[in-house]
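# Breakdown of the fold
Single-letter residue listing:
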Amino acid sequence: DWRNELPQDPEGYIGRFNYYILEASNIDILEEQATGLLTSRREELYIDSALTILDQGLSLHPLRLDMHMGYIYVLGQHKRWQDFTPRILTLLERAKLNDFQGWLWGLDRPVGGDAKIFIIESISDYQSMLYSEFTTERLVEIRQIAIVILSIKEDHIDQLNMMALSYSETGDPKKGYK
């Protein structure tokens, strides 16, 4: 079975992850009727399998930024907010610890350019998923992320705006002006 090939190779983990994500998106009504399982539950099982695969891969290859980003993206797409923000914060803390050095992308190629800017901008894009929910809880999570990013790059205008928006929309606009 191809899923057992290259058991510890990072590309094997990504391939298996992509397989389960694709399977989750291919569930249809006929399959639901044939199996008797609800479509959403089957989809969640595939997503859980995909995330488990990446967890295994990341335990062996913690500097594979593509795995981290894929994991976070899937959490956001499936509105798994209880894991989304903590995963972002963990990635940012790990990046700070190694001074944004050593990150790898597909085929173990070093992340080109400025890894710090790449990670911060990617996380800023992911914050828009939280913003689209526009609940107090999500706005507080936006603020948590902004605080960490601003501790890394204090003049990041988007994060200053996110911080101000978060305070303003959660009833404390004076803090947003500071």
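Let me begin by describing the structure that accompanies this report.

### Description of the overall build of the chain
Scanning the chain for helices and strands turns up nine helices and two strands. Written out in order from the N terminus, the α and β elements of the chain read α-α-α-α-α-β-β-α-α-α-α. Within the chain, buried positions represent 39% of all 178 residues. If you sum the accessible surface of the chain, you get close to 9,800 Å²; carbon and sulfur atoms cover 53% of it.

### With respect to the nonpolar core
By size, the foremost hydrophobic cluster in this structure holds 46 residues, and its most contacted members are Phe 84, Ile 88, Leu 92, Trp 103, Ile 119, Ile 123 and Tyr 126. For this core, the elements supplying multiple residues, two or more each, are helix H1 (10–25), helix H3 (39–60), helix H4 (65–77), helix H5 (81–97), helix H6 (115–133), helix H7 (136–152) and helix H8 (157–169). If one sorts the elements of this core by residue count, H7 sits on top with eight residues.

### What about the environment of Trp 103?
Within the fold, Trp 103 resides in the loop between H5 and strand S1 (104–105). Between the alpha carbons of Trp 103 and Ala 115 there is a distance of 7.4 Å; along the sequence they are 12 residues apart.

### Some remarks on H1
Under the 1.5 Å per step criterion, the end-to-end length of H1 is 23 Å for 16 residues, consistent within 8% with the ideal 22 Å. Taken residue by residue, H1 has Pro 10, Gly 12, Tyr 13, Ile 14, Arg 16, Phe 17, Tyr 20 and Ala 24 as its buried positions. The residue sitting at the N-terminus of H1 and contributing the capping side-chain oxygen is Asp 9; that oxygen lies 2.7 Å from the backbone nitrogen of Glu 11.

### Overview of the pattern of salt bridges
As enumerated under the stated definition, the model contains 11 salt bridges in all. With a shortest N-O distance of 2.8 Å, Arg 87 and Asp 55 are connected by a salt bridge. Of this pair, Arg 87 sits in helix H5 while Asp 55 sits in helix H3, and the two are 32 residues apart along the sequence. You can call Arg 87 partly exposed: its relative accessible area is 22%. Residue class for Asp 55 comes out partly exposed when judged on its relative accessible area of 33%. Where Glu 141 meets Arg 138, a salt bridge forms, and the shortest distance between an N and an O atom there is 2.9 Å. Note that Glu 141 and Arg 138 are positioned in helix H7 at a spacing of three residues, about one turn of the helix. For Glu 141, a relative accessible area of 9% corresponds to the buried category. Through salt bridges that share partners, Glu 11, Arg 64, Asp 66 and Asp 108 make up one connected network.

### Here we look at the packing of aromatic side chains
With the rule as written, the count across this model stands at six aromatic pairs. Taken together, a centroid distance of 6.4 Å and an interplanar angle of 45 degrees make the contact between Tyr 73 and Tyr 126 tilted. Here Tyr 73 is found in helix H4, whereas its partner Tyr 126 is found in helix H6, with 53 residues between them in sequence. On the basis of relative accessible area, Tyr 126 is assigned to the buried category, the value being 11%. Ring centres of Tyr 131 and Phe 134 lie 5.3 Å apart, and the angle between their planes is 85 degrees; this geometry places the pair in the edge-to-face category.

### Observations regarding unusual backbone geometry
One non-glycine residue, Lys 79, lies in positive phi territory at about 55 degrees. As for its placement among the helices and strands, Lys 79 is situated in the loop between H4 and H5. On the basis of relative accessible area, Lys 79 is assigned to the partly exposed category, the value being 47%. A positive phi angle is found at Phe 100, which is not glycine, with a value near 60 degrees. For Phe 100, the position within the fold is in the loop between H5 and S1. Under the relative-accessibility criterion, Phe 100 is labelled buried at 6%.

Rules and cut-offs
Residues numbered from 1 in each chain as written. Predicted model: local features only at pLDDT ≥ 70, side-chain atom pairs only at ≥ 80, totals over all residues. Heavy atoms only, no water. Helix = DSSP H or I, 4+ residues; strand = E, 2+ residues; numbered from the N terminus. Buried < 20%, exposed > 50% of the residue type's maximum accessible area, 1.4 Å probe, protein only. Areas by Shrake-Rupley, 256 points an atom, 1.4 Å probe, with all protein chains shown as cover. Core = buried A, V, L, I, M, F, W, Y, C linked by side-chain atoms within 4.5 Å. Expected span 1.5 Å × (residues − 1). Polar contact = N/O pair within 3.5 Å; in protein donor to acceptor, adjacent residues only side chain to side chain. Salt bridge = Lys/Arg side-chain N within 4 Å of Asp/Glu carboxyl O. Phe/Tyr/Trp six-rings, centres within 6.5 Å; stacked < 30°, edge-to-face > 60°.

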